[in-house]
Amino acid sequence: MPKDNPNTERYITIARACLKAINDTAETSGSREEKIQAVYEAIDSAFQAEFADYRQSVAIMATVLERIASGQMEADKAVDLARKTLEQQPESTRNALMH
């Protein structure tokens, strides 16, 4: 993956979490199914952490869109609210592909 890809660091973080979980389960006792489940949980936790900013940003934008769509706001106020919302968007979610 090219280093200028905005998701490179996300992939690396998730890959490290996976490798750590695999190494940790190799050193512990337990059934194969328990070890597989531990790795799945590590992958899920890493994904959840990496995409938390996206989820929060989407939730905020959905709320703003609902306010604008209600039609109870003057056009100038709607434009201003949309601009302010975009400006407050976390840096990690700006112009970055999610895959």
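As a reminder, the structure under discussion sits directly above these lines.
Please read these numbers as outputs of a predicted model, since none were measured by experiment.

Secondary structure assignment for the chain yields four helices and zero strands. Seen in sequence order, the chain has helices and strands lined up from the N terminus as α-α-α-α. By residue count, 20% of the 99 residues in the chain fall in the buried class. Counted over contacts in the chain with a minimum sequence separation of 6, partners at least 24 positions apart contribute 58%.

For the rest of this paragraph, the subject is the environment of Ala42. Checked against the element boundaries, Ala42 lands in helix H2 (residues 32-50). Sequence separation between Ala42 and Ile22 is 20 residues; the distance between their C-alpha atoms is 9.1 Å.

With that settled, consider helix H1 (residues 8-26). Between its terminal C-alpha atoms H1 stretches 27 Å, which fits the 27 Å expected from 19 residues at 1.5 Å a residue. Looking only at H1, the buried set comprises Thr8, Arg10, Ile14, Cys18, Ala21 and Thr25. Along the long axis of H1, the arc covered by the buried residues comes to 160°, so they all point the same way. In H1, the exposed positions that point more than 90 degrees away from the buried face belong to Glu9, Arg16, Leu19, Lys20 and Ala26.

With that settled, the discussion passes to the packing of H1 against H2. Close contact between H1 and H2 brings their axes to 9 Å; oriented N to C, the two are set at 155°. Of the possible angle classes, the one that applies to H1 and H2 is roughly antiparallel. In this structure, the crossing between H1 and H2 has a hand that is right-handed. For the pair H1 and H2, the contacting residues are Arg10, Thr13, Ile14, Ala17, Cys18, Ala21, Ile22, Thr25 and Ala26 in the first and Lys35, Ala38, Val39, Ala42, Ile43, Ala46, Phe47 and Glu50 in the second. Counted by class, the contact of H1 with H2 contains twelve nonpolar, two polar and three charged residues.

Given 3.6 residues to a turn, an α-helix orients residues that are three or four positions apart in the same direction. For H2, spanning 19 residues, the distance from its first C-alpha to its last is 27 Å, which sits close to the expected 27 Å at 1.5 Å a residue. Residues of H2 that are buried: Val39, Ala42 and Ala46. Buried residues of H2 fall within an arc of 55° about the axis and therefore sit on the same side. Opposite the buried face of H2, at more than 90 degrees from it, the exposed residues are Glu33, Glu34 and Tyr40. Tucked into the core, H2 has its buried residues touching H1.

For the rest of this paragraph, the subject is the packing of aromatic side chains. Taken as a whole, this structure holds two aromatic pairs when the rule is applied. When the centroid spacing of 6.0 Å and the interplanar angle of 10° are considered together, the rings of Phe47 and Phe51 count as stacked. Judged by its relative accessible area of 38%, Phe47 is partly exposed. For Phe51, a relative accessible area of 14% corresponds to the buried category. These aromatic residues form a ring-pair network of at least three members: Phe47, Phe51 and Tyr54.

The rules we used
- Residues numbered from 1 in each chain as written.
- Predicted model: local features only at pLDDT ≥ 70, side-chain atom pairs only at ≥ 80, totals over all residues.
- Heavy atoms only, no water.
- Helix = DSSP H or I, 4+ residues; strand = E, 2+ residues; numbered from the N terminus.
- Buried < 20%, exposed > 50% of the residue type's maximum accessible area, 1.4 Å probe, protein only.
- Contact = heavy atoms within 4.5 Å.
- Expected span 1.5 Å × (residues − 1).
- Arc of directions from axis to C-beta.
- Axes fitted to C-alpha atoms, helices over the stretch in contact; angles between N-to-C directions.
- Parallel < 35°, antiparallel > 145°, perpendicular 65-115°, else oblique.
- Left-handed = near helix turned anticlockwise from the far one by under 90°.
- Nonpolar A, V, L, I, M, F, W, Y, C, P; charged D, E, K, R; others polar.
- Phe/Tyr/Trp six-rings, centres within 6.5 Å; stacked < 30°, edge-to-face > 60°.

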